[in-house]
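# A closer look at the structure
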Amino acid sequence: MVKLVFPKDFLWGTATASYQIEGAWNEDGKGESTWDRFSHTPGAIYQNQNGDVACDHYHRYEEDVKLMAEIGLKAYRFSISWPRIFPEGRGKINPKGVSFYERLINKLLEKNIKPAITLYHWDLPQALEDKGGWLNRDTAKYFSEYASFIFYKFGDMVPIWITLNEPFVNAFLGYAWGWHAPGKKDLKGAFVAGHNLLLAHGLAVQAYKEGGYNGNIGITINVAAVYPYTNSEEDLRAVQVQDAFENRWFIEPIFRKKYPEVIWKILEKNYLSFDFPISDFDIISSPIDFLGINYYTRNIVAHDESNKFLGLKRIEGPNERTEMGWEIYPDGLYDILIQLYRDYKIPIYITENGAAYNDKLENGKVEDNKRIEYLREHIKRAYFAIRDGVDLRGYFIWSLMDNFEWAHGYSKRFGIIYVDYDTQKRILKDSAYFYKKVIEENGIEE
Ligand SMILES: N#[N+]C[C@@H]1[C@@H](O)[C@H](O)[C@@H](O)[C@@H]2O[C@H]12
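Residues numbered from 1 in each chain as written. Predicted model: local features only at pLDDT ≥ 70, side-chain atom pairs only at ≥ 80, totals over all residues. Heavy atoms only, no water.

Once that is clear, we can look at the UniProt feature "binding site: substrate" (unreviewed entry) in the protein chain. Here the UniProt-annotated "binding site: substrate" (unreviewed entry) positions come out as Gln20, His121, Asn165, Tyr296, Trp398, Glu405 and Trp406. Restricting the annotated residues to those that line the largest pocket leaves Gln20, His121, Asn165, Tyr296, Trp398, Glu405 and Trp406. Following the sequence through the fold, Asn165 ends up in strand β5 (residues 160-165). Look at Asn165 and you get buried, because its relative accessible area is 1%. Excluding its chain neighbours within four sequence positions, the residues that come into contact with Asn165 are Arg77, Thr118, Tyr120, His121, Trp122, Thr220, Asn294 and Glu352. Here the side chain of Asn165 touches His121 through a polar contact of 3.0 Å, side chain to side chain. Tracing the backbone shows Glu405 in the loop between β10 (392-398) and β11 (417-420). (UniProt positions renumbered as here; feature names shortened; annotations may be inferred. 1 Å grid on protein atoms, 1.4 Å probe; cavity = no way out; pocket = protein on both sides within 12 Å on 5 of 7 lines; lining within 4 Å. Helix = DSSP H or I, 4+ residues; strand = E, 2+ residues; numbered from the N terminus. Buried < 20%, exposed > 50% of the residue type's maximum accessible area, 1.4 Å probe, protein only. Contact = heavy atoms within 4.5 Å. Polar contact = N/O pair within 3.5 Å; in protein donor to acceptor, adjacent residues only side chain to side chain.)

Written as structure tokens, this is what we have:
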């Protein structure tokens, strides 16, 4: 067996998000978030579940950091709940909220685990949503105020900063399709929200750089490698459209100061338009230090004139699927890394990669062999991308522990740590021990 050894300082981590694990939804001065409101809306979430308690990480963070250290994590990506810091989104600060994250960061540093903070992972203060949320351009300014305060408090302690998590998902699932908070169904709103999210990103990057902090800042984008169903001209064109829409919509403004053409075509086809100062792109394109990508699966597309939105349809791939119904396609991770690094020549972190399976706790163990296989095959592709020239800096498994999977509630388990929600007991799955070995050996057997 050939051992694939990663670069010496390669960062092995796991990822979580505040709303998905913390609980304490209205404790110690925390303000309501859009996800508190949305998950309390009957019918919004599987079995009307919510994140009121989640994994009770707010109270159990010390135990969780100990488990991270037991696995040997080099880094831990987590998000800060904006309304836990600014209950109304801006103005009055909640000292107990600040204290929670200060204690968490200090615990991580004590264990030599690098904190990687996401400033916004979808849980917008409801008070700002009540003023228009991401449809209101001022929210971008409020975000930069929030970010500036967080940088002021933790900027010298935290080396890796991510402004936004998956703005595409937040904009489209939250504003166009209504599947996520705030549950709006307004196509134009998705584009306006998307733009204001990017503006918020740019303002936060400028605040970080002006603060002279010595860490690195970037953004996390969800990506799926795209392949044609056939090699027909039409299907090849469909690949370009899907890639531009799902992968590049939030990347091109940052690196090329413009939206992909397809975005304007969608607006035009739907008799929509929205205005913004072209100088916004000067802010949005403020230089970042890395690109974070979340990769789970691929898309196969074919031309389909009857689809008035993008003129294409997605074709089911032939390979095995995870519990999310997503095809397992590790080569897609290699391909998207090569494509993005070729196009933007920027350091990359895999800020999320992982799989949901119907894990069973039996005799105190969780033998999640399928997840181990999923992780092994994707880690191998990450190695091959580095071998072939990609400046890949780290890999974060989604997720550290089973948690609240948005509209799916607790029905999908992504963790390498099993959470018994009745008792809040944590049990390391076999995949946690697999990952411990990968980290110890800084690599994997081919
Ligand atoms: N679904 N799914 C799993 C995972 C979700 O739990 C994360 O919060 C998102 O950043 C991203 O969608 C990926």
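That shown, we press on.
A separate point is the UniProt feature "active site" (unreviewed entry) in the protein chain. Per the UniProt record, "active site" (unreviewed entry) is found at Glu166 and Glu352. In sequence the annotated residues extend across 187 residues, while in space they remain close, none of their C-alpha pairs exceeding 10.6 Å. Among the annotated residues just listed, those lining the largest pocket are Glu166 and Glu352. Checked against the element boundaries, Glu166 lands in the loop between β5 and α8 (167-176). Residue classification places Glu166 among the buried residues on the basis of a relative accessible area of 8%. When neighbours within four sequence positions are excluded, Glu166 is seen to be in contact with Trp122, Thr220, Asn222, Asn294 and Glu352.

What follows covers empty space enclosed by the protein. Within the structure shown, the criterion is met by three cavities of 30 Å³ or more. The computed volume of the largest cavity comes to approximately 60 Å³. In this structure, the largest cavity is lined by Ser18, Tyr19, Glu22, Gly23, Trp25, Lys30, Ser33, Asp36, Gly51, Ser81, Arg84 and Asp123. The residue inventory of the lining of the largest cavity, partitioned by class, reads two nonpolar, five polar and five charged. (Points joined across faces, edges and corners; volume = space filled by probe spheres on them. Nonpolar A, V, L, I, M, F, W, Y, C, P; charged D, E, K, R; others polar.)

A few words now on the site of the ligand. Contacts to the ligand come from 14 residues, most closely from Gln20, His121, Glu352, Glu405 and Trp406. Residue Gln20 places a side-chain N or O atom 2.8 Å away from an oxygen atom belonging to the ligand. Coverage of the ligand by the protein chains reaches 93% of its 320 Å² of free accessible surface. Its atoms largely coinciding with the cavity grid, the ligand occupies the largest pocket. Here the shell around the ligand is built from residues that sort into seven nonpolar, four polar and three charged. (Near = heavy atom within 4 Å. Areas by Shrake-Rupley, 256 points an atom, 1.4 Å probe, with all protein chains shown as cover. Sits in = over half its atoms within 2 Å of the grid points.)

Turning to the pattern of salt bridges, a few remarks are in order. Any two side chains of opposite charge can pair, given that their charged atoms come close. According to the stated counting rule, one finds 39 salt bridges in the structure shown. Between Lys107 and Glu110 there is a salt bridge whose closest N-O contact spans 3.4 Å. One end of the pair is Lys107 and the other is Glu110, both in helix α5 (residues 95-110) and three residues apart, which spans about a single turn. We classify Lys107 as partly exposed; its relative accessible area is 23%. Judged by its relative accessible area of 54%, Glu110 is exposed. (Salt bridge = Lys/Arg side-chain N within 4 Å of Asp/Glu carboxyl O.)

In total, this model carries 65 aromatic pairs according to the counting rule given. A centroid spacing of 6.0 Å and a plane angle of 85 degrees characterise the contact between Phe172 and Phe191, whose relative ring orientation is edge-to-face. You can see Phe172 sitting in helix α8 and its partner Phe191 sitting in helix α9 (residues 187-210), a full 19 residues away along the chain. For Phe191, a relative accessible area of 1% puts it in the buried group. Here a set of aromatic residues connected by ring pairs shows up, and it is made of Phe168, Phe172, Trp177, Trp179, Phe191, Phe245, Trp249, Phe250 and Phe309. One cation-aromatic arrangement involves Arg413 over Tyr418; the distance from NZ or CZ to the ring centre is 4.0 Å. (Phe/Tyr/Trp six-rings, centres within 6.5 Å; stacked < 30°, edge-to-face > 60°. Lys NZ or Arg CZ within 6 Å of the ring centre and 35° of its normal.)

The next subject is the nonpolar core. Grouped together as the largest cluster of nonpolar side chains are 161 residues, with contacts concentrated most on Trp82, Trp134, Phe143, Trp161, Ile293, Ile379 and Tyr435. Top contributing element to this core by residue count: α9, with twelve residues. Beyond its immediate chain neighbours, meaning those up to four positions away, Tyr435 contacts Trp12, Gly13, Thr14, Ile71, Leu73, Ile379, Tyr395, Ile397 and Ile416. (Core = buried A, V, L, I, M, F, W, Y, C linked by side-chain atoms within 4.5 Å.)

Our focus in this paragraph is the layout of surface pockets. In this model, the largest pocket occupies a volume close to 1,200 Å³. If you trace the largest pocket, you find 44 residues lining it, with Leu173, Trp179, Glu246, Arg314 and Trp326 closest to the centre. The set of elements that each furnish at least two residues to the lining of the largest pocket consists of α8, β6 (216-228), α10 (233-248), β7 (290-303) and β8 (312-315). Examining the composition of the lining of the largest pocket, we find that six residues originate from one element, β7, more than from any other.

Here we come to the confidence of the model for the protein chain. Of all residues in the protein chain, 100% attain a pLDDT of 70 or more, and the chain-wide mean is 97. Complex prediction metrics read pTM 0.98 and ipTM 0.99. (pLDDT = per-residue confidence, 0-100.)

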